[in-house]
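Given next are the chains, with one letter for each unit.
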Amino acid sequence: MADALAEFNALRKDKVDTGQVGAAQFFGTAADTNGNYLYRMAGAVLGIYGNTAAAAMYPSFANDSAGAPLTGANHYTFRFSPMLTSLVPDPDGGYTFDIQNTSPGIEKQSNWLPAPNGPFMLVLRLYWPKPDALNGVWKAPQPVRA
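Residues numbered from 1 in each chain as written. Predicted model: local features only at pLDDT ≥ 70, side-chain atom pairs only at ≥ 80, totals over all residues. Heavy atoms only, no water.

Quick notes on the pairing of strand S4 (residues 95–100)
- Buried residues dominate S4, accounting for five of its six residues.
- Pairing analysis gives five bridges linking strand S3 (residues 76–80) to S4, with the strands arranged antiparallel. When the sheet's bridge partners are listed, Arg79 is paired in S4 with Thr96.
- Where S4 lies against strand S5 (residues 112–114), three bridges are found, and the strand directions are parallel. Bridge assignment links Gln100 to a residue of S5, and that residue is Pro114. (Buried < 20%, exposed > 50% of the residue type's maximum accessible area, 1.4 Å probe, protein only. Helix = DSSP H or I, 4+ residues; strand = E, 2+ residues; numbered from the N terminus. Pairing = 2+ DSSP bridges.)

What about the side chain of Asp64?
- Structurally, Asp64 is set in the loop between strand S2 (60–61) and S3.
- Filtering out sequence-adjacent residues up to four positions away, Asp64 remains in contact with Leu70, Tyr76, Pro143 and Arg145. (Contact = heavy atoms within 4.5 Å.)

What to know about the packing of aromatic side chains
- Tallying each qualifying case throughout the model produces four aromatic pairs.
- A ring pair is formed by Tyr76 and Phe120, whose centres lie 6.1 Å apart and whose planes are at 75°; its orientation type is edge-to-face. Taken together, the residues Tyr76 in strand S3 and Phe120 in the loop between S5 and strand S6 (122–123) connect sequence positions 44 residues apart. By the burial criterion, Tyr76 is buried, and Phe120 matches it.
- Measuring from ring centre to ring centre gives 6.5 Å for Tyr127 and Trp128, while their planes differ by 55°; the resulting arrangement is tilted. (Phe/Tyr/Trp six-rings, centres within 6.5 Å; stacked < 30°, edge-to-face > 60°.)

Here's the deal with the sheet that holds strand S8 (residues 144–145)
- Taken in spatial order, the four strands line up as S5-S4-S3-S8 in an open sheet, and their pairing is mixed. In this open sheet, the two edge strands, each paired with only one partner strand, are S5 and S8.
- Across two bridges, S3 lies against S8 in antiparallel orientation. Its bridge partner being in S8, Tyr76 is matched across the sheet by Arg145.

What is shown is where atoms sit, not what they do.
Right under this line is the structure:
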């Protein structure tokens, strides 16, 4: 067990936290995971009962775009394409979210995702992802320290 946990912790630090591998590789049948039991373990530890990649993807981030761990002591932005009508779009039609511990102010309140004081992770959920997300052509945006 100790060896398996050590391998999992190394996988998490080197591959999961850096965004190199994620939920798309962790769930499904033994064929879906190519018999990679470490990935299957990661799926059970990080998100048991997760969907196969064809049903949903869960890009997650423990680090910002510069590779530093996310922490509520900092302010980050996270930018997307068109979304919900209750959100305020950027001039180009995309969406930027402020992720921080304290309010960014009333003018940015609608696009604020509160963060805790200390370390945290961001997780996206993509239901019925398009082929570009499944084959790696599309990459999830990374949080950027503001």
